[in-house]
Each structure stands twice: as C-alpha cells, then as structure tokens.
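If you want the building blocks of each chain, they are given just below.
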Amino acid sequence: MNHQTVLDSVPNNPPSSDEYFEYYANYISQVPAGNLMAIAQAQVIEIRDFFQKVPESQSVILHAPYKWTTKQVVGHLIDADRVFADRMHKFAAADFQPLNGMEQEPYVENQDFNTPTLSALVEELLLCREANILLMRRMKSTAWDHRGIASEKPITVRALAYIQVGHITYHLKILRKRLGIDVGL
C-alpha cells in the first residue's frame, strides 16, 4: 500500500450519530468540513501559535468561573488525546475488549501540571498529536468503521478521530475567550 492510498483511506466525512454516544456530539460538531488529516495537522500549528501568546505567568492563574488553570487545561488535553488514541488504536487493531471511561478530575488532581513550564506541556501535547496523526495515517481503510465499547457505549474509530480533533478545538475556543487571545485558522 503506497502513501497516497493510506491517505485516501482516512475518512473525510463525519461519523453518523449512531457511531458515538451523544455526549461527544459537541466535540464532533467542532470539526469543520474538509480533509480530517489536514485539519488535525493544522491544529499542530494552531496550538503552537496560540500558546506562544500565553505568558507563563497567565498559565497558572485560575480564572473564575473555570475550575482549571491554563496549564491544567493543557494537561487535560494531553491526557484526553492519549485516552482517545488508545481507544482508536485498540479498536482499529480489532481489539474489541470494552474499555473503561475516563474520569477527568483525578487525572488533573493527580498529575503535576505546575512544575513543567507551559511550553514543555505544549510540546508534550504537540508530540501526542503528531503521534496520533501518524497512527491515523497507517490505519487500514476498513479499520475506520470498527466499533468497540468505551465508557460502556459503542463507538467507531472514525468517531474517535473526530472527537480528538473536536476536543482540542472546543478547549481552544474556551481558552481564547478566557485569555482574550485570538489566534486561529
């Protein structure tokens, strides 16, 4: 299979509502129409550009009514990208063992997001995103329709890829509003 065939196998149509639990509809709706791989790759640039405008001093301030600092939000994005990628990876490989849900609060409470610099956390997020893009590029076209159980609900690999992209978009929109920084595509 050549490189172009692999890229052609990446779906560019959003998942139908029967491919995911309704909780994820908001994230999926955040993904604009177009080439999913190009959108995911553009997020790498968008993330880097956005966080270069956030001063380290701002990254540790808790802005009411939000419950996490900017660093904690970046940590959450890292953790969620890893969890979504793990689900995507397993289901794409036809490993259909049901997977537990992700309770996000313990992840934030039990990880140290204060010691690393904001730029170090952003770099970790970017490396996760790049790795997930590489994972998506090597999946067989048939894998996108594989359906597994996560959080006790059925979900497809395609839906997980869209959720990953939409989840970052969702949180960047909140951070833009919260910090008054407008950097986007």
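Since we're looking at a predicted model, the values are computed, not measured.

The rules behind each value
- Residues numbered from 1 in each chain as written.
- Predicted model: local features only at pLDDT ≥ 70, side-chain atom pairs only at ≥ 80, totals over all residues.
- Heavy atoms only, no water.
- pLDDT = per-residue confidence, 0-100.
- Contact = heavy atoms within 4.5 Å.
- Helix = DSSP H or I, 4+ residues; strand = E, 2+ residues; numbered from the N terminus.
- Pairing = 2+ DSSP bridges.
- Axes fitted to C-alpha atoms, helices over the stretch in contact; angles between N-to-C directions.
- Parallel < 35°, antiparallel > 145°, perpendicular 65-115°, else oblique.
- Buried < 20%, exposed > 50% of the residue type's maximum accessible area, 1.4 Å probe, protein only.

(A) Here's a closer look at the confidence of the model for the protein. With 93% of its residues at a pLDDT of 70 or more, the protein shows a mean pLDDT of 92. Low confidence marks residues 1–7, where pLDDT is under 50. Its contacts with residues over four positions away, or in another chain, come to 4 contacts.

(B) Here's a closer look at the environment of Pro 15. Position of Pro 15 among the secondary structure elements: in the loop between helix 1 (3–8) and helix 2 (25–29). Taking the C-alpha atoms as reference points, Pro 15 and Asn 110, separated by 95 residues in sequence, lie 33 Å from one another. Setting aside chain neighbours within four positions, we find Pro 15 in contact with Tyr 20, Ile 28, Arg 158, Ala 159 and Tyr 162.

(C) Molecular detail of the pairing of strand 2 (residues 153–156). Pairing of strand 1 (residues 147–150) with strand 2 involves 4 bridges; the strand directions are antiparallel. Opposite Gly 148, over in strand 2, you have Ile 155 as the bridge partner. Once strand 1 ends, the chain turns through 2 residues before running back antiparallel as strand 2, passing Ser 151 with a positive phi of about 55 degrees.

(D) Geometry of the packing of helix 4 (residues 70–92) against helix 7 (residues 157–179). As a packed pair, helix 4 and helix 7 sit with axes 9 Å apart at the nearest point and diverge in direction by 175 degrees. Taken together, the axes of helix 4 and helix 7 are roughly antiparallel relative to one another. Taken together, the residues of helix 7 that come into contact with helix 4 (itself represented by Thr 70, Val 73, His 76, Leu 77, Ala 80, Asp 81, Phe 84, Ala 85, Arg 87, Met 88, Phe 91 and Ala 92) are Val 157, Leu 160, Ala 161, Ile 163, Gln 164, His 167, Ile 168, His 171, Leu 175, Arg 178 and Leu 179.

(E) Representation of the side chain of Asn 132 in the model. Following the sequence through the fold, Asn 132 ends up in helix 6 (residues 118–137). Among residues more than four places away in sequence, those in contact with Asn 132 are Asp 81, Ala 85 and Gln 164.

(F) Region of the structure containing unusual backbone geometry. Omega for the bond connecting Ala 64 with Pro 65 falls within 30 degrees of zero, at 10 degrees, which places this linkage in the cis form. Structurally, Pro 65 can be placed in the loop between helix 3 (36–52) and helix 4. A positive phi angle, near 55 degrees, is found at Ser 151, a position not held by glycine. For Ser 151, the position within the fold is in the loop between strand 1 and strand 2. Look at Ser 151 and you get partly exposed, because its relative accessible area is 27%.

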